[in-house]
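Examining the three-dimensional arrangement
What follows is the residue order along each chain.
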Amino acid sequence: MGKALLVIDMLNDFVDEKGSLYVGEGARKVIPFIKQKIEEFRKEACPVVFVCDSHEKDDREFEMFPPHCISGSWGSEVISELELKKEDKIVKKRRYSAFYGTDLDLYLRERGINELFLVGVCTNICVLYTAKDARERGYSVKIYKDGVASFDKSVHEFALQEMKNTLGCELI
Ligand SMILES: [Zn+2]
């Protein structure tokens, strides 16, 4: 059985200072770590999956958050520091979870992948709810503590504990 790296929402609107929903300095600090993990997974020929928020212009999510990551916009693109390769998988999502309304589960199962490694933002939103959906589907989930970030330290810590204690993820 195989493993895959899920790089969650490392997009201009969240990670670039000019982005419309900039997470903050924490999101910039994890970039070198994530780059290194991407290289490691590529070297082992294990899939790197870029999970990308990609919203309709009038998406329901904008009732809660300012508009961000609108399909086709600069804000919805992966930050230039993380270079995409043609073999990478891109999963576009409209909700927090990378599994909701996407082909991620099918993609992983077709490749016999049962172990997921998560990095990206925000720890307490898209990372947490992707981890939840992955665990409920029976995947083994590992969270790189140095590869996830949020806008608020206390919710970041809460989400890490929730993933460990309630969802059974491993923090590494
Ligand atoms: Zn969103």
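The structure displayed is predicted, hence computed values, not measured ones. (Residues numbered from 1 in each chain as written. Predicted model: local features only at pLDDT ≥ 70, side-chain atom pairs only at ≥ 80, totals over all residues. Heavy atoms only, no water.)

A short note on helix H6 (residues 153–165)
Compared with an ideal rise of 1.5 Å per residue, which puts 13 residues at 18 Å, H6 spans 18 Å between its outermost C-alpha atoms and is within 8% of the ideal. Regarding H6, the residues found buried are His156, Ala159, Leu160 and Met163. In a view along the axis of H6, the buried residues occupy a sector of 100°, so they form one face of it. Turned more than 90 degrees away from the buried face of H6 sit Ser154, Phe158 and Asn165, all of them exposed. Turning to H6, the residues buried within the fold contact helix H5 (123–136), strand S5 (140–149) and strand S6 (170–171). (Helix = DSSP H or I, 4+ residues; strand = E, 2+ residues; numbered from the N terminus. Expected span 1.5 Å × (residues − 1). Buried < 20%, exposed > 50% of the residue type's maximum accessible area, 1.4 Å probe, protein only. Arc of directions from axis to C-beta. Contact = heavy atoms within 4.5 Å.)

Comments concerning the coordination of the zinc ion
Looking at the metal site, the zinc ion is ligated by Asp53 (OD), His55 (NE2), Glu61 (OE) and His68 (NE2), spaced 2.0 to 2.2 Å from it. In this structure, the zinc ion is surrounded by 4 donor atoms whose angles at the metal cover 90 to 165°, and the resulting shape is irregular. If you list the donors of the zinc ion from N- to C-terminus, the spacing comes out as D-x1-H-x5-E-x6-H. (Donors = N, O, S within 2.8 Å, 3.2 Å for Na, K, Ca; no water. Tetrahedral: all angles 85-135°; square planar, octahedral: opposite > 155°, others 65-115°.)

Examining the sheet that holds strand S4 (residues 113–121)
Ordered in space as S3-S2-S1-S4-S5-S6, the 6 strands form an open sheet in which the pairing is parallel. Here the strands that pair on one side only, and so sit at the sheet edges, are strand S3 (89–93) and S6. In this sheet, S6 lies alongside S5 in parallel orientation, the contact comprising 2 bridges. Bridged to Ile143 within S6 is Leu171. Docked against the sheet, helix H3 (residues 31–43) engages strand S1 (2–8), strand S2 (48–53), S4 and S5, running at close to 150° with respect to S1. Of the strands in this sheet, S5 and S6 are in contact with H6, which crosses S5 at around 165°. (Pairing = 2+ DSSP bridges. Axes fitted to C-alpha atoms, helices over the stretch in contact; angles between N-to-C directions.)

Re the nonpolar core
Counting residues in each nonpolar core, the largest one holds 57 residues, and the members touching the most others are Val7, Met10, Leu82, Leu116 and Met163. The residues contacting Val7, other than those within four sequence positions of it, are Ile34, Ile38, Val48, Val49, Phe50, Val51, Leu82 and Val119. (Core = buried A, V, L, I, M, F, W, Y, C linked by side-chain atoms within 4.5 Å.)

Focus on the pattern of salt bridges
In this structure the tally under the stated criterion is 19 salt bridges. In this structure, the salt-bridge partner of Arg42 is Asp88, at a minimum N-O distance of 2.7 Å. Taken together, the positions of Arg42 in helix H3 and Asp88 in the loop between S2 and S3 put the pair 46 residues apart, joining distant regions of the chain. Overall, the relative accessible area of 22% leaves Arg42 in the partly exposed class. Between Arg111 and Glu110 there is a salt bridge whose closest N-O contact spans 3.6 Å. (Salt bridge = Lys/Arg side-chain N within 4 Å of Asp/Glu carboxyl O.)

A short note on unusual backbone geometry
In this chain, Val121 is followed by Cys122 through a cis amide linkage whose omega measures -20°. The topology assignment puts Cys122 in the loop between S4 and H5. Here Ala45, not a glycine, exhibits a phi torsion of approximately 60°, which is positive. Relative to the helices and strands, Ala45 is located in the loop between H3 and S2.

Comments concerning the pairing of S2
Taking burial as the measure, the 6 residues of S2 include 6 buried ones, the bulk of the element. The two faces of S2 match: Val48, Phe50 and Cys52 on one face and Val49, Val51 and Asp53 on the other face are all buried. Relative to S2, S1 runs parallel, the two being bridged by 4 bridges. Its bridge partner being in S2, Leu6 is matched across the sheet by Val49. Bridge count between S2 and S3: 5 bridges; the pairing is parallel.

Some thoughts on the side chain of Asn12
Position of Asn12 relative to the elements: it lies in helix H1 (residues 12–15). By relative accessible area, Asn12 is classed as buried at 6%.

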